[in-house]
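A structural walkthrough
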Amino acid sequence: MEPNLKERIFGLDALRAAAILMVVSSHVLWIYPKSNAFIPTLFELFGFWGVELFFVLSGFLIGSILYKTFVNENFTLKSVFHFLKRRWFRTLPNYYLVLILNILIAFFLGFSIENTGSYFLFLQNFASKSPAFFPESWSLSIEEYTYLLLPFSLFFVGLIKVKNKSKLFLLVIVALILVFWMNKFYYHSQHKISNLSEWNLNLKSVLIYRIDAILIGVLAAWFSFNYSSIWKQFKGMFALIGFGILFFLMFGIIPLNLTIEQNPFFWNVLYLPITSVAFAFLLPSFSEWKTYTNPVLYPIELISKISYSIYLLHYSVILQLLKVFIDTSQMSSTERHFFTFIYLTITFLLSYILYRFYEKPMMNLRDKQ
């Protein structure tokens, strides 16, 4: 695959590649015995960070598209459906193919599935925790409903005739962020969370509490257009702030008594938005890193391109099937490492095949219309 150097931004490809590698690394832990050592704990955190980075990146990209259309054109229902068509051609074919594949696998292995129909409408985690089936699909529900909510909100608000459409765009984004942030306040007032497992299932992975993560990326897109000189001039400082926040989230929680048991308000209301803001601070630096300066970096583009296929296949389909037929519980460390190598090889190979012969043709079909 030859890199499209003129079309792609290396920094964003690098972030996308990093995100999917973090997600995969967290699920590799399933191959090994449970451990509280630093590296396994770090990989668990990487799994969470990988999805959050995907959210912010997605918001930044769709925000850039919608902002340019909203400000420079007559934003009509045709604009909304054009945006949705392009998003759905990008996301739905892969999703439904892998969803059906998961259903067939579960059927042949004799596993029961709850609320299968909800997965076809992305409702499995709308207001409550999703079933155990196809667990990584929780993030895709949040993405899809953001694709619906944001352009329609802009359309209806855009019916108000104002001179400064840029400020109107900002108003819509900030208002929506506050709505979903207030949902977290409501959740905190109504529920008592005693551990991270409950928090992960009942708040972090539930749609009505999470759309603001993507909207923070949209807000970053607005900033990049309206304050481009600051965006470029202080990109290094922004990156330091972003990495500093991530460093704090990694090492500052316990010393400052901010664990979920000691400070549930911090986790329920503040932790997720702070994480999203941290990744948004990385965008100025990485979005301005536009060229592939070394051939060694070309594989990053490939990983970025197939990241969606990797995300859909790597866990529920590939790893769980391998675990069904191969018992890793009695393996030695060397055997586990070899199993991990085989698993990763299969994952990247099948993901490339899915991208090359299904996902990419679907996007080519989209571009011809």
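Now for a quick tour of the structure. What you see is a predicted model; the values in this text were computed from it and never measured.

1. Some words on helix α10 (residues 235-251)
Over its 17 residues, α10 runs 24 Å from end to end, which matches the ideal 24 Å to within 8%, given 1.5 Å per residue. All of the buried residues in α10 are Phe238, Ala239, Gly242, Ile245, Leu246 and Leu249. Buried residues of α10, viewed axially, fall in a sector of 125 degrees; they line one side. The outward face of α10, more than 90 degrees from its buried face, is lined by the exposed residues Leu240 and Phe247. Buried residues along α10 sit in contact with α2 (38-72), α9 (228-233) and α11 (264-287).

2. A closer look at helix α13 (residues 307-325)
In a regular helix each residue adds 1.5 Å, so 19 residues correspond to 27 Å; α13 covers 26 Å between its end C-alpha atoms and thus fits that length. At His314, α13 is deflected by roughly 55 degrees, the largest bend along its length. Counting buried positions over the 19 residues of α13 gives 14, a clear majority of the element.

3. A closer look at the pattern of salt bridges
A side chain with one charge may pair with a side chain of the opposite charge, provided their charged atoms come close. In this structure the tally under the stated criterion is 10 salt bridges. Where Arg8 meets Glu301, a salt bridge forms, and the shortest distance between an N and an O atom there is 3.6 Å. On the criterion of sequence distance, the pair formed by Arg8 in the segment before α1 (10-28) and Glu301 in helix α12 (residues 298-305) is long-range, its members being 293 residues apart. Glu359 is the salt-bridge partner of Arg90, the closest N and O atoms lying 2.6 Å from each other. Of the two residues, Arg90 is situated in helix α3 (residues 77-109) and Glu359 in helix α14 (residues 333-368); the sequence distance between them amounts to 269 residues. For Arg90, a relative accessible area of 19% gives the class buried. Each member of the salt-bridge network shares a partner with another, and the members are Arg8, Asp13, Arg16, Glu301 and Lys305.

4. Remarks on the nonpolar core
Membership of the largest hydrophobic core comes to 105 residues, with the highest contact counts inside it found for Trp49, Tyr95, Leu150, Phe169, Trp199, Tyr271 and Leu283. Discounting residues that sit within four places of it in the chain, Phe169 has contacts with Gly63, Leu66, Tyr67, Phe70, Leu154, Val218 and Trp222.

5. Here we look at the packing of α1 against α14
Where α1 meets α14, the closest approach of the two axes is 12 Å, and the angle between their N-to-C directions is 140 degrees. On the basis of the axis angle, α1 is oblique to α14. For the element pair α1 and α14, the recorded crossing hand is right-handed. Two secondary-structure elements touch here, α1 through Leu21, Val24 and Val28 and α14 through Thr340, Tyr343, Leu344 and Phe348.

6. A short note on the side chain of Thr275
Take Thr275: it is sitting in helix α11. Thr275 has contacts with Phe48, Trp49, Glu52 and Leu249, leaving out every residue within four places of it along the chain.

7. Regarding the packing of α3 against α14
It is at 9 Å that the axes of α3 and α14 come closest, and there the two elements cross at 150 degrees. The angle between α3 and α14 falls in the class roughly antiparallel. The two elements α3 and α14 cross, and the hand of that crossing is right-handed. Only Leu354, Tyr358, Glu359, Met362, Met363, Leu365, Arg366 and Asp367 of α14 make contact with α3, whose side of the interface consists of Lys85, Arg86, Phe89, Arg90, Pro93, Asn94, Leu97 and Val98. A per-class count over the contact of α3 with α14 returns 9 nonpolar, 1 polar and 6 charged.

Calculation notes
Position labels on residues start from 1 in each chain and follow its written sequence. Given that this is a predicted model, residues contribute local features only at a pLDDT of at least 70 and side-chain atom pairs are listed and counted only at 80 or more, while totals for whole chains, interfaces and linings are drawn from all residues. Working from all heavy atoms in the structure, the side-chain values ignore hydrogens and water. In this text, helices come from DSSP runs of H or I with a minimum length of four residues, and strands from runs of E with a minimum of two, each type numbered from the N-terminal end. Here the expected span of a helix is defined as 1.5 Å times the quantity of residues minus one. Residue exposure (1.4 Å probe, protein chains only): buried if accessible area is under 20% of the type maximum, exposed if over 50%, otherwise partly exposed. When we speak of the arc, we mean the arc of directions from the helix axis to the C-beta atoms. Any pair of residues with heavy atoms lying within 4.5 Å of one another is described as a contacting pair. What is called the bend at a residue is the angle between a pair of axes, fitted to the seven residues leading up to and ending at it and to the seven starting from it. The term salt bridge refers to a pairing of a side-chain nitrogen on Lys or Arg with a carboxyl oxygen on Asp or Glu at a separation within 4 Å. Only buried Ala, Val, Leu, Ile, Met, Phe, Trp, Tyr and Cys residues count toward a nonpolar core, and they belong to the same one when joined by side-chain atoms within 4.5 Å. Axis lines are fitted through C-alpha atoms, for helices just across the contact stretch, and the angle between N-to-C directions can take any value from 0 to 180 degrees. To sort the angles, those under 35 degrees are grouped as roughly parallel, those over 145 as roughly antiparallel, those from 65 to 115 as roughly perpendicular, and the leftovers as oblique. The handedness criterion is simple: a crossing whose near helix is rotated anticlockwise from the far helix by less than a right angle is left-handed, and one whose near helix is rotated clockwise is right-handed. Following the grouping adopted for this structure description, the nonpolar residues are Ala, Val, Leu, Ile, Met, Phe, Trp, Tyr, Cys and Pro, the charged ones are Asp, Glu, Lys and Arg, and the polar ones are all others, Gly among them.

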